[in-house]
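Understanding the architecture of this molecule
Listed below are the residues making up each chain.
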Number of protein chains: 2
Amino acid sequence: MVTDSADLSKGLNFGDRVRERASTIHGWLCVGLDPSMEKLPAGLSPGAAGMTQFCREIIQATSGSATAYKINFAFFEEAGAGGWRALEAVRSAIPAGIPVIADAKRGDIANTGRAYARAIFEVLGFDAVTVNPYLGWDAIIPFVSNETRAVFVLCRTSNPGARDFQDLETDGVPLYMRVARESMGRQTPGEIGLVVGATYPGSLRDVRALSDDLLLLMPGIGAQGASVLASIRAGANRHGQNALASVSREIIFASVEADFAEAAGEAAKRLAAETWRGDRAG
Amino acid sequence: MVTDSADLSKGLNFGDRVRERASTIHGWLCVGLDPSMEKLPAGLSPGAAGMTQFCREIIQATSGSATAYKINFAFFEEAGAGGWRALEAVRSAIPAGIPVIADAKRGDIANTGRAYARAIFEVLGFDAVTVNPYLGWDAIIPFVSNETRAVFVLCRTSNPGARDFQDLETDGVPLYMRVARESMGRQTPGEIGLVVGATYPGSLRDVRALSDDLLLLMPGIGAQGASVLASIRAGANRHGQNALASVSREIIFASVEADFAEAAGEAAKRLAAETWRGDRAG
């Protein structure tokens with residue numbers, strides 16, 4: 001009897017699914033789908049339909065190199081209700097067995113938080129979501145109440161403004177390190193990973209030093225200036241594991257001509273190879 | 001020549017529109033639309049269509065008492081693309097001249113932040129939005145680049161978890177006071193207000209002490225335990241102004257029977273009267 005990969009993935013927690021896929025395809029690349037309408041290649045319709053077609057072709061061309069996908073909600077919401085339909089369609093277009101992260105930066109209290117969690121996990125079918133820690137733990141917990149789901153808590157973001165509040169010293173450590181430490185200490189059914197911008201390699205190293213097991217999502221590579229190689233060096237554990245290098249524009253807009261999918265496929269393949277230091281624990 | 005209120009409101013900034021409406025209707029009540037599907041009154045369809053009908057009837061019954069409305073995105077997103085269409089319909093059902101706040105708690109970097117701002121202001125037509133400060137100022141600025149729009153930055157939220165990070169001491173002041181002070185110091189075309197939970201009257205008083213002009217949005221009244229009167233006392237300025245008492249469930253679920261709209265209208269009228277200490281500056 002043949003069991004397909006979708007069945008095998010059931011019951012495994014998010015982190016195990018990511019690690020298993022990384023070992024299988026030899027890479028730690030997360031392909032970010034940020035389909036800004038104004039940047040869609042010539043020949044695609046400018047609205048939700050064009051975004052859907054664009055993302056579908058990108059997914060088809062990159063899925064062999066993607067350990068995970070990350071879908072940025074902003075560019076879909078910008079297209080209104082049609083954009084939300086496109087979001088559903090794009091999520092569904094990702095092959096079973098590849099973990100998908102909702103880059104939605106949600107976070108709200110009590111019953112509102114639970115409604116967001118249902119929207120992202122049950123309605124849209126994502127496997128993980130980025131969440132903002134400012135509201136505190138009771139706003140994060142609704143997203144990790146199921147062992148197959150996970151969150152990436154914003155820790156040190158990739159933007160210049162990350163310094164404004166995340167770096168403030170509290171009890172002798174910057175706020176983001178406090179967020180990191182508390183995230184590690186939580187016992188929840190779902191896994192808690194962290195977002196640490198690749199633009200701050202020193203922060204990446206500090207956070208990684210806390211634990212080999214912590215799953216990191218590293219945005220800020222490519223258009224924002226950080227390199228894959230430097231990010232993996234700073235963010236991966238001693239076995240080269242547990243750090244997803246998230247790349248969006250450098251892949252999806254590798255070409256804005258008719259060959260955009262082919263160019264994206266090549267970029268993803270090249271970048272995925274750069275993320276692989278060999279799974280020394282495997 | 002007759003000029004209608006929609007035309008008059010153009011060009012006025014958000015805070016002035018709120019203050020003008022408060023003076024006109026004698027109240028500082030913000031009616032929160034949080035249409036949880038599982039709580040909709042009997043007789044309404046359980047999905048997006050029921051949510052739309054529910055909110056439309058609530059709006060019709062409460063608009064005379066509402067200085068502003070606040071729409072909670074989570075309960076619409078929970079209904080998928082149909083929910084997003086319902087969100088558009090509900091926003092449109094609010095009479096011109098009443099300011100409408102998107103309770104979306106957004107916040108993201110650079111071009112992603114700009115896409116969220118376009119979604120909320122240009123596509124959905126909201127006047128203000130709640131934003132999360134954790135990512136820093138460059139994530140807030142895209143929402144206040146237009147003088148007719150405003151943000152309410154999360155400062156001290158109404159939930160128990162607010163203590164986890166917002167209360168941490170940084171340079172001798174809690175993080176939320178730092179957020180408050182920096183928000184006041186910013187010069188932006190759009191107005192920057194703050195979210196301070198009515199469940200923490202001490203925090204409300206501390207934040208209000210910073211300035212009479214600061215516009216506050218106070219959630220946490222009713223179901224979460226705070227009273228309108230105590231909130232206005234702690235949060236309004238010396239003239240009884242600039243603090244919106246945000247009430248959701250106590251109004252919209254005042255009855256879950258066929259008379260829900262009538263009951264909501266009565267609750268809103270009663271609560272709006274409680275917010276009014278007389279506009280001593282007017």
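Residues numbered from 1 in each chain as written. Chains lettered and ligands numbered in written order. Predicted model: local features only at pLDDT ≥ 70, side-chain atom pairs only at ≥ 80, totals over all residues.

Counting its regular elements, chain A contains 12 helices and 10 strands. Taken over C-alpha atoms, the radius of gyration comes to 18 Å for chain A, in line with the 19 Å a tight globule of 282 residues would show. With the C-alpha coordinates of chain A rotated into their principal frame, the extents come out at 55 × 50 × 45 Å. Going through the 282 residues of chain A one by one, you find that 58% of them count as buried. (Helix = DSSP H or I, 4+ residues; strand = E, 2+ residues; numbered from the N terminus. Rg over C-alpha atoms; globule rule 2.2 N^0.38 Å. Buried ≥ 20, exposed ≤ 12 C-beta atoms within 10 Å, placed from the backbone.)

Next up on the list: unusual backbone geometry. Residue and element names in this part refer to chain A. Of note in the backbone geometry, H26 takes a positive phi value of approximately 60 degrees without being a glycine. Relative to the helices and strands, H26 is located in the loop between α2 (14-25) and β1 (29-33). Its 15 C-beta neighbours within 10 Å are what place H26 among the partly exposed residues. In this model, K105 sits at a positive phi of 45 degrees, which is unusual for a non-glycine residue. As for its placement among the helices and strands, K105 is situated in strand β3 (residues 100-106).

Moving on, we get to the sheet that holds strand β10 (residues 243-247) of chain A. All names here are of chain A. Read around the barrel, 8 strands follow the order β1-β2-β3-β4-β5-β8-β9-β10 and close on themselves; strand pairing throughout is parallel. Across the sheet, the mean angle from the axis of one strand to that of its neighbour is 30 degrees, orientation sign disregarded. When strand β2 (residues 68-72) meets β3, the two strands line up parallel, connected through 4 bridges. Paired with K70 across the two strands is I101, which belongs to β3. Running over the sheet, helix α8 (residues 175-185) touches β5 (150-156) and β8 (191-196) and is turned about 155 degrees from β5. Across the sheet, helix α10 (residues 228-235) touches β8, β9 (216-218) and β10, and the angle it forms with β10 is around 155 degrees. (Pairing = 2+ DSSP bridges. Axes fitted to C-alpha atoms, helices over the stretch in contact; angles between N-to-C directions. Contact = placed C-beta atoms within 7 Å.)

The next subject is the packing of helix α10 (residues 228-235) of chain B against helix α12 (residues 260-275) of chain B. Residues and elements named next belong to chain B. Interaxial distance between α10 and α12 falls to 8 Å at its minimum, and their mutual angle equals 30 degrees. In the packing of α10 onto α12, the handedness of the crossing is right-handed. For the pair α10 and α12, contact is made by V228, L229 and I232 and by L271, E274 and T275, respectively. Its residues placed into classes, the contact of α10 with α12 shows 4 nonpolar, 1 polar and 1 charged. (Left-handed = near helix turned anticlockwise from the far one by under 90°. Nonpolar A, V, L, I, M, F, W, Y, C, P; charged D, E, K, R; others polar.)

All names here are of chain A. Burial within β3 is extensive, with 7 of its 7 residues counted as buried. What you see with β3 is no split at all: V100, A102, A104 and R106 on one side and I101, D103 and K105 on the other are buried throughout. Alignment of β3 against strand β4 (residues 128-131), held across 3 bridges, turns out to be parallel. Paired with A102 across the bridge in β4 is V129. Each parallel crossover has a hand, and the one from β3 via helix α6 (residues 110-123) to β4 is right-handed. (Right-handed = clockwise from strand over helix to strand, strands pointing away.)

Fine structural detail should not be taken from predicted coordinates in areas where pLDDT scores are low. All names here are of chain A. For chain A, the average pLDDT comes to 93, and 94% of its residues sit at 70 or higher. In the model, residues 1-9 has pLDDT below 50 throughout and makes 7 contacts with residues more than four positions away in sequence or in other chains. Here the prediction assigns the complex a pTM of 0.95, and the interface score ipTM is 0.94. (pLDDT = per-residue confidence, 0-100.)

Residue and element names in this part refer to chain A. Two numbers describe how helix α3 (residues 48-62) lies on helix α12 (residues 260-275): the axes approach to 8 Å, and their chain directions differ by 40 degrees. With respect to each other, α3 and α12 are oriented oblique. When the axes of α3 and α12 are compared, the crossing they make is right-handed. The residues of α12 that touch α3, namely those facing E57, I58, Q60, A61 and T62, are A261, E262, A264, G265 and A268. A per-class count over the contact of α3 with α12 returns 5 nonpolar, 3 polar and 2 charged. (Parallel < 35°, antiparallel > 145°, perpendicular 65-115°, else oblique.)

In this section: the sheet that holds strand β3 (residues 100-106) of chain B. The 8 strands lie next to each other as β1-β2-β3-β4-β5-β8-β9-β10 (chain B), forming a closed barrel whose pairing is parallel. Looking at each pair of strands side by side, their axes are set apart by 30 degrees on average, direction ignored.

At an RMSD of 0.0 Å, chain B and chain A line up after a rotation of 180 degrees and a shift of 0.0 Å along the axis. The symmetry that links the two subunits is that of a two-fold axis. Same-surface contact between copies: 100% of interface residues of chain B are shared with the interface of chain A. (Least-squares fit on C-alpha atoms with pLDDT ≥ 70 in both.)

Quick look at α6 of chain A now. Side chains three or four residues apart in an α-helix point the same way, a direct result of the helix having 3.6 residues per turn. The terminal C-alpha atoms of α6 of chain A lie 19 Å apart, and with 14 residues this matches the ideal 20 Å at 1.5 Å per residue to within 8%. Along α6 of chain A, the residues that are buried comprise T112, G113, A115, Y116, A117, A119, I120 and F121 of chain A. In this structure, the buried side of α6 of chain A is in contact with β3 and β4 of chain A together with β2 (68-72) and α4 (74-77) of chain B. Downstream of α6 of chain A by a residue or two, G125 of chain A has a phi angle that is positive, lying close to 75 degrees. (Expected span 1.5 Å × (residues − 1).)

All names here are of chain B. Here P142 is to be found in the loop between β4 (128-131) and β5 (150-156). In the structure, P142 is positioned 29 residues away from G113 in sequence and 6.2 Å away in space, judged by C-alpha atoms. Every residue in contact with P142, bar those within four places of it in the chain, is listed here: G113, R114 and A117.

With 47 residues of chain B in contact, the opposing surface of chain A contributes 47 residues. Breaking the side of chain B that touches chain A down by element, the ones donating at least two residues are α4, α5 (80-93), α6 (110-123), α7 (162-166), β6 (169-170) and α8 (175-185) of chain B. Top contributing element to the side of chain B that touches chain A by residue count: α6 of chain B, with 8 residues. For the side of chain B that touches chain A, the residue count by class is 21 nonpolar, 14 polar and 12 charged.

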